[in-house]
Amino acid sequence: MKVLHHGIRRCHTLALKNGAKYDAVIVGGGHNGLVAAGYLAKAGKRVCLLERRHVLGGAAVTEEIVPGFKFSRASYVLGLLRPKVYQDLDLMHHGLKIYPRDPSSYTPLREDHWGKGGRSLTLGPQEAMNHQQISQFSVKDAEALPQLEALLNKFAEAIAPLLDASPPDINKFHNSGLKGKVKELSSVSPLVKTAAALGKDFPQFYELMTAPATKILDRWLESEPLKATLATDSVIGSMMSPNTPGSGYVLLHHVMAEVAGMKGSWGYPEGGMGGVTQAMARAATKAGAHLFTNKPVKSILLGDGKEAVGVELEDGSCVYANTVLSNATAHITFLKLVPEGSLPPEFEASVRGIDYSSPVCKINVALKSLPNFKADPSSSSSTVMPHHRCTIHLNCERTELLEEAYTQAHLGQIPDVPMIEMTMPSSCDPTLAPPGCHVALFFTQYVPYTRGDGRPWDEQTKAEYAKKIFSVVDEYAPGFSDSIVGYEVLPPPDLEKIFGLTGGNIFHGAMSLDQLFVSRPSPLQAGPTTPIPGLLLCGSGAHPGGGVMGAAGRLASLAALRG
């Protein structure tokens, strides 16, 4: 399938010279790499960013899969971008426009569930609407949900200081003298702020961080499909079920979203997710950064003192710099780009043990008409209804379906009832599709990287999986399959190959408690610093982790400026 591209390519007319010297060279043009480039260039540093693909943005790109239809090809909604990054890089000035979603979540039910309450559940920022919608299934839950959300929002605000600061460098503290130890104590101030904000609620916070999401949800709520709808946020992008200890944190991770000052909200960037990274690229270019595409890096160069001094490209040319920042995963950075034998054996072993398992299969679909859901029929075939703007949850009648799908994928099987999240950003953004047409983005789980039936993820198996997903949509919105103009299917191996996501993991590594904060990417050395002097990790494999946040890129740039 021919793919047309609408992201920024090279942002200047300079040619990259062999042997060029910069203050910093950045490997990879994903959103974190672009953020790092912007901060460093604004600080007056000479910056070179090298992207292997012919479009900047990493997994946050807009690409024209079907002629006339523009897709957020991998990541698909915006909400986790740190406010400080948005403000410091002045992204609005550089063209970033976001369509907030109201309502935000829509869960239609199959007809055989219509007699057990309402036909669907729609949720959003309006408490009165939420109360009315949830009351169809449980008046008790309608009263309880605002209390649960208030607690989660308190937790999200409490940990905000941790997201905007690097974790304490335990090794540096241990190896420093008294003066150095005193200086390093300042790195724990975000922890102090978080503890103070949590106060007496710390035990509940600790439970949320360590417990299965189902334990939390079952305590507060009694009804389906409310619990199932919320449970999807606890597992999205993660090879875990709502019954997995620690899944509560992933739920919190997604409650941290904010759009246009609205807490817990997600939005669609105009022009797709590429609109976000194009704004970042413009900000970096205006500040003086040199951004290059079609420049795959072969290796990170080390000096005589085993410090990073630059990179060698696959064409044999070299770029030298005082600091190298890698936007690649920890696996690629340390096991593919760094010369063999350069890492402490214990650190290398810990990197090899990082969990990159992914349950995700992304499907991007071009439609000639809007889907018409039986649970809430459209007033006309061309009218965008409020629920079309939401994340649409299918196969979400009960939470147990998520556990069953996870169990099957864990055994290498394609689930009988996959978890399906569907979004249609063209319902808000008219720039993405021809008049009257739409784009639908499916984020589906759970699929195995390696199929248990021995078949590869080829065009035939991908088409079979797509047909399975589309047939499910037909059950809720008859005629959906007939409206399809074209599509692409991206199981974990394709996400890995195209976007450099090791294992197809969208977060650069699982967001489990053993791989967060002082243990990301390794408990032996938390990012952005690494065991190699002059080399920093600036991607989502470093603290604070995945999602289009920009935090990891910002923190790595600040570390580079400190020297």
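Everything that follows concerns the structure shown earlier in this document.
Residues numbered from 1 in each chain as written. Predicted model: local features only at pLDDT ≥ 70, side-chain atom pairs only at ≥ 80, totals over all residues. Heavy atoms only, no water.

J.: Which parts of the structure should I look at to understand the overall build of the protein?
T.: Helix and strand counts for the protein come out as 18 helices and 23 strands. In terms of C-alpha radius of gyration, the protein reaches 23 Å, essentially the compact-globule figure of 24 Å for 563 residues. Along the first, second and third principal axes, the C-alpha atoms of the protein reach 75 × 55 × 50 Å. Counting across all 563 residues of the protein, residues that qualify as buried make up 61%. Pairs at least 24 residues apart make up 72% of the contacts formed inside the protein by residues separated by at least 6 positions. Put simply, the protein shows about 21800 Å² of open surface, and 54% of that area lies on carbon and sulfur atoms. (Helix = DSSP H or I, 4+ residues; strand = E, 2+ residues; numbered from the N terminus. Rg over C-alpha atoms; globule rule 2.2 N^0.38 Å. Buried < 20%, exposed > 50% of the residue type's maximum accessible area, 1.4 Å probe, protein only. Contact = heavy atoms within 4.5 Å. Areas by Shrake-Rupley, 256 points an atom, 1.4 Å probe, with all protein chains shown as cover.)

J.: Honestly, helix H18 (residues 551-562) in this entry has me stumped. Any pointers?
T.: In an α-helix, one turn spans 3.6 residues, which is why side chains three or four residues apart end up on the same side. Helix length check: H18 (12 residues) gives 17 Å between terminal C-alpha atoms against 16 Å at 1.5 Å per residue, within 8%. Of all the 12 residues making up H18, nine are buried; the element is thus mostly covered by neighbouring parts of the structure. Regarding H18, the residues found buried are Ala 551, Ala 552, Gly 553, Arg 554, Leu 555, Ala 556, Ser 557, Ala 559 and Ala 560. Backbone geometry just after H18 places Gly 563 at a positive phi near 80°. (Expected span 1.5 Å × (residues − 1).)

J.: So what exactly am I meant to see when it comes to the packing of helix H1 (residues 31-42) against helix H12 (residues 274-286) here?
T.: Helix packing geometry: the angle between the two helix axes and the distance between the axes. Viewed as axis vectors pointing N to C, H1 and H12 meet at an angle of 25°, and their least axial separation amounts to 8 Å. The pairing of H1 with H12 is recorded here as roughly parallel in orientation. Helix-helix and strand crossings are classified by hand; for H1 and H12 the assignment is left-handed. For the pair formed by H1 and H12, the contact residues are His 31, Leu 34, Val 35, Ala 37, Gly 38 and Ala 41 on the first element and Thr 277, Met 280, Ala 281 and Ala 284 on the second. Per-class residue counts for the contact of H1 with H12 are seven nonpolar, three polar and no charged. (Axes fitted to C-alpha atoms, helices over the stretch in contact; angles between N-to-C directions. Parallel < 35°, antiparallel > 145°, perpendicular 65-115°, else oblique. Left-handed = near helix turned anticlockwise from the far one by under 90°. Nonpolar A, V, L, I, M, F, W, Y, C, P; charged D, E, K, R; others polar.)

J.: I keep staring at the packing of aromatic side chains and nothing clicks. Help me out?
T.: Ring pairs (aromatic) are described by centroid distance and by the angle formed between their planes. The final tally for this structure, using the stated rule, is 12 aromatic pairs. Ring geometry for Tyr 106 and Phe 373: centres 5.6 Å apart, planes at 80°, overall edge-to-face. Taken together, the residues Tyr 106 in strand E7 (residues 105-108) and Phe 373 in the loop between strand E16 (361-367) and strand E17 (391-394) connect sequence positions 267 residues apart. Taken individually, Tyr 106 and Phe 373 each receive the classification buried, so the pair is uniform in this respect. Pairing Phe 470 with Tyr 487 gives two aromatic rings, centres 5.2 Å apart and planes at 85°, and the pair type is edge-to-face. Taken together, the residues span a long stretch of sequence, with Phe 470 in helix H16 (residues 459-476) and Tyr 487 in strand E20 (residues 484-490) at a distance of 17 residues. Assessed through its relative accessible area of 6%, Phe 470 is described here as buried. Overall, Tyr 487 belongs to the partly exposed group, its relative accessible area being 28%. Taken together, the ring pairs connect Phe 155, Phe 202, Phe 205 and Tyr 206 into an aromatic cluster. Just above the ring of Tyr 22 sits the side chain of Arg 46; from NZ or CZ to the centre is 4.6 Å. (Phe/Tyr/Trp six-rings, centres within 6.5 Å; stacked < 30°, edge-to-face > 60°. Lys NZ or Arg CZ within 6 Å of the ring centre and 35° of its normal.)

J.: Honestly, the sheet that holds strand E19 (residues 438-445) in this entry has me stumped. Any pointers?
T.: The strands making up a sheet are joined through hydrogen bonds of the backbone, oriented either antiparallel or parallel. One open sheet accounts for seven strands, arranged E8-E7-E17-E18-E19-E16-E20; its pairing is mixed. Among the strands making up the open sheet, the edge pair consists of strand E8 (120-123) and E20. Sheet twist, expressed as the average angle between the axes of neighbouring strands with direction ignored, equals 20°. (Pairing = 2+ DSSP bridges.)

J.: Looking at this structure, I do not really get helix H7 (residues 189-198). What am I missing?
T.: Within the span of H7, buried status applies to Pro 190, Thr 194 and Leu 198. Relative to the axis of H7, the buried residues are bounded by an arc of 70° and lie together on one face. In this structure, H7 carries Val 192, Lys 193 and Ala 196 as exposed residues pointing more than 90 degrees from its buried face. Among the structural elements, helix H4 (139-163) and helix H8 (202-210) are those in contact with the buried residues of H7. Gly 199 occupies a position one or two residues after H7 and carries a positive phi of about 55°. (Arc of directions from axis to C-beta.)

J.: Would you explain the pattern of salt bridges in this entry?
T.: For the structure shown, the criterion picks out 21 salt bridges. Asp 88 serves as the salt-bridge partner of Lys 84, at 3.7 Å between the closest nitrogen and oxygen. In this pair, Lys 84 and Asp 88 are both assigned in helix H2 (residues 83-88), four residues apart and thus about one turn of the helix distant. Residue Asp 88 is classed as partly exposed on the basis of its relative accessible area of 22%. (Salt bridge = Lys/Arg side-chain N within 4 Å of Asp/Glu carboxyl O.)

J.: Would you explain the nonpolar core in this entry?
T.: Across soluble globular proteins, nonpolar side chains have a tendency to be buried as a group. Ranked by internal contacts, the top residues of the largest apolar core, which has 106 residues, are Leu 252, Ile 363, Phe 442 and Phe 470. If one sorts the elements of this core by residue count, H4 sits on top with 12 residues. Residue contacts for Ile 363: discarding those within four places in its chain leaves Ala 440, Leu 441, Phe 442, Tyr 465, Ala 466, Ile 469, Phe 470, Glu 488 and Val 489. Residues Ala 24, Leu 89, Val 276 and Met 280 belong to the second largest nonpolar core, which totals 35 residues. (Core = buried A, V, L, I, M, F, W, Y, C linked by side-chain atoms within 4.5 Å.)

J.: Sorry if this is basic, but what is going on with the packing of H4 against H7 here?
T.: H7 packs onto H4 with a crossing angle of 165° between their chain directions and a minimal axis gap of 7 Å. With respect to H7, the element H4 is oriented roughly antiparallel. The way H4 lies across H7 gives a crossing that is right-handed. Seen from H4, the contacting residues are Lys 154, Phe 155, Ala 158, Ile 159, Pro 161 and Leu 162; seen from H7, they are Pro 190, Leu 191, Lys 193, Thr 194, Ala 197 and Leu 198. Partitioning the contact of H4 with H7 into residue classes produces nine nonpolar, one polar and two charged.

J.: Just checking my understanding: could you explain unusual backbone geometry for this structure?
T.: Glycine aside, a negative phi is what most residues show, and trans is what most peptide bonds show. Backbone torsion omega between Asp 102 and Pro 103 reads 5°, so that peptide bond is classified as cis. Looking at where Pro 103 falls in the secondary structure, it is placed in the loop between strand E6 (98-100) and E7. Cis geometry marks the peptide bond from His 543 to Pro 544, where omega comes out at 5°. Along the chain, Pro 544 turns up in the loop between strand E23 (535-537) and H18. At Asn 395, a residue that is not glycine, the phi angle is positive and equals roughly 60°. Position of Asn 395 relative to the elements: it lies in the loop between E17 and helix H15 (400-410). Using a relative accessible area of 2% as the deciding quantity, one classes Asn 395 as buried.

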